[in-house]
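Structure assessment
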Amino acid sequence: MFIIEFVLLMFFISIFAGVFGSIVGLGGGIVVIPVLTILMGVDIHFAIGASIVAIIGTSSGSASTYVRDKVTNLRVGMFLELASTSGAITGAAIAAYTNSAALETIFGSILLVSLVPMVMKIGEDVPKSPELRGVSKRLGLAGSYTESDGRVVNYNSTRPVEGLAGTAVAGVLSGLLGIGGGAFKVLSMDLAMKLPMKVSTTTSNFMIGVTAAASAGIYFARGDVDPLVVAPVALGILIGAVIGARILLRSRNTTVRKIFAVVLAIAAVEMILSALGVSV
Amino acid sequence: MNVVIGEVLRYGVILSGAIILVGIISLAATNGLTGITGMLTYNPNVVPHDNIDVSLGGLAQGLVTLSAFSWIELGVIVLIATPVSRVVISVFLFAAERDRLYVLITAVVLALLLFSMLVTPFIPGFHA
């Protein structure tokens, strides 16, 4: 394939990846990695390097809008980043002693299983707000945002320890494999902490940039971040993330949850296939 | 607070996007886009695997000589630095709100982040 074709194709595909990644809070890696490895024949190491950059691009490109419009909960994000960054360091420390195929099978299966509660909540607009108490109250893990129709949604959160634990798993995965963190962050905030879906995906989006940056040093030093692969991906992702952020703000929580459930299923299957040796 | 963090992210993204675009245009101008992607080979025996000088010296030299790859690399560094700057500024914003608990939380996150980015790549046995 000619480089000019590669650059243009990756640019347009990355716009698509940025749109979806910014809506569901997973970053664009879930699209970028299989496209690079299967369609473009790029080595998996370069694909993961590009995915790290894609995740940071999705995060920063959309978070500027989400944060300004106060859909992202900054306090929840900062609090959970304690777990995601610690997890990333732990993942890097244990990488030599773990079997990544076994891990991908386990975590892919967890994602598949978590589809059940996710699907059971399909149709839920705003969760019944739990009482704010204990650690959540002390940390101020509550907030409000305005829907596009002008309705103000006030919400509280619960079970911060479970949220922290789920986010730590997300961090370990990022540190180990460079991928897969976003899904566990959204699930932690949605299933454990009972935050509204849009708050969960946009706060995940806010956090994944920091988690990916935590792992970026090693990929950069190794030379896995190839300029030719990364350049069209980064530009496309940034444009896609800006578009995706505008779409999310106008979407309903129920719509975001449906899209997330579909993407979650794809992420789970990708992870299990990868464990079986299909390089996605 | 939300406005400042939003602006930091926005300018980081615009700056990195612009630098990467300069890199791609300069790549096209030097006929760097006419080759085939067979050159995208991953060499597991050599570090860095893409045979591109990732050291600061190599980067500085490439920027001076207007090497397209060095400009793209600089853009990527700015992009990676964007969420880091967001954490740095959050420490000060929470301090301005006199929110001691979150100053502490954010400072710990920043320390963990910098340790993970800058120190762990050089610890033997990590990332193996």
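All values reported here derive from a predicted model rather than from experimental measurement.

With respect to the overall build of chain B
- Counting secondary structure elements, chain B contains 4 helices and 0 strands.
- The N-to-C order of helical and strand elements in chain B reads α-α-α-α.
- Within chain B, the proportion of its 128 residues that are buried is 38%.
- Residue pairs at least 24 apart in sequence account for 58% of intrachain contacts in chain B once pairs closer than 6 positions are excluded.

Concerning the overall build of chain A
- Helix and strand counts for chain A stand at 11 helices and 2 strands.
- Start at the N end of chain A and walk to the C end: the helices and strands fall as α-α-α-α-α-α-β-β-α-α-α-α-α.
- Taken over C-alpha atoms, the radius of gyration comes to 18 Å for chain A, in line with the 19 Å a tight globule of 280 residues would show.
- Referenced to the eigenvectors of the C-alpha coordinate spread, the extents of chain A come out at roughly 55 × 40 × 30 Å.
- Buried positions account for 62% of the 280 residues belonging to chain A.
- Partitioning the intrachain contacts of chain A with sequence separation of at least 6 by distance along the chain shows that 81% fall at a separation of at least 24.

Here's the deal with the environment of A:Arg138
- Note that A:Arg138 resides in helix α6 (residues 134-138).
- Separated by 71 residues in the primary sequence, A:Arg138 and A:Gly209 place their C-alpha atoms 26 Å from one another.

Digging into the pairing of strand β1 (residues 143-146) of chain A
- Burial along β1(A) is one-sided: A:Gly143 and A:Tyr145 are buried, while A:Ser144 and A:Thr146, pointing the other way, are not.
- Between β1(A) and strand β2 (residues 152-155) of chain A, which pair antiparallel in sequence order, lie 5 residues; one of them, A:Gly150, sits at a positive phi of approximately 95°.

Details of the packing of helix α9 (residues 197-222) of chain A against helix α3 (residues 68-96) of chain B
- For the pair α9(A) and α3(B), the least separation of the axes is 9 Å and the interaxial angle reads 120°. With respect to α3(B), the axis of α9(A) lies oblique. In the packing of α9(A) onto α3(B), the handedness of the crossing is left-handed. Counting all contacts with α9(A), which are made through A:Gly209, A:Val210, A:Ala213 and A:Ala216, the residues of α3(B) involved are B:Ile80, B:Pro83, B:Val84 and B:Val87.

Here's the deal with the interface of chain A and chain B
- Each partner contributes residues to the interface: chain A has 58 residues there, and chain B has 55 residues.
- Taken together, the elements giving at least two residues each to the side of chain A that touches chain B come down to α1 (3-24), α3 (44-68), α4 (74-94), α9 and α10 (227-250) of chain A.
- Partitioning the side of chain A that touches chain B into residue classes produces 38 nonpolar, 12 polar and 8 charged.

Notes on the confidence of the model for chain B
- With 82% of its residues at a pLDDT of 70 or more, chain B shows a mean pLDDT of 85.
- Per-element confidence in chain B ranges from a low mean pLDDT of 73 for helix α2 (residues 56-64) of chain B to a high of 95 for helix α4 (residues 100-119) of chain B.

Considering the nonpolar core
- Counting 124 residues, the largest nonpolar core has A:Ala50, A:Val53, A:Ala213, A:Val230, A:Val233 and A:Ala234 as the members making the most contacts within it.
- Once you skip the residues sitting within four places of it in the chain, A:Ala234 turns out to touch A:Val53, A:Gly57, B:Ile20, B:Val76 and B:Leu79.

Regarding helix α2 (residues 29-39) of chain A
All names here are of chain A.
- With 8 of 11 residues buried, α2 is to be regarded as a mostly interior element.
- Buried within α2 are the following residues: Gly29, Ile30, Val31, Val32, Ile33, Val35, Leu36 and Thr37.
- Packed against the buried residues of α2 are α1, α3, α10 and α11 (253-275).
- A positive phi of about 70° marks Gly41, the residue just after α2.

Here is what the cut-offs are and how they apply
Residues numbered from 1 in each chain as written. Chains lettered and ligands numbered in written order. Predicted model: local features only at pLDDT ≥ 70, side-chain atom pairs only at ≥ 80, totals over all residues. Helix = DSSP H or I, 4+ residues; strand = E, 2+ residues; numbered from the N terminus. Buried ≥ 20, exposed ≤ 12 C-beta atoms within 10 Å, placed from the backbone. Contact = placed C-beta atoms within 7 Å. Rg over C-alpha atoms; globule rule 2.2 N^0.38 Å. Pairing = 2+ DSSP bridges. Axes fitted to C-alpha atoms, helices over the stretch in contact; angles between N-to-C directions. Parallel < 35°, antiparallel > 145°, perpendicular 65-115°, else oblique. Left-handed = near helix turned anticlockwise from the far one by under 90°. Nonpolar A, V, L, I, M, F, W, Y, C, P; charged D, E, K, R; others polar. pLDDT = per-residue confidence, 0-100. Core = buried A, V, L, I, M, F, W, Y, C linked by C-beta atoms within 7 Å.

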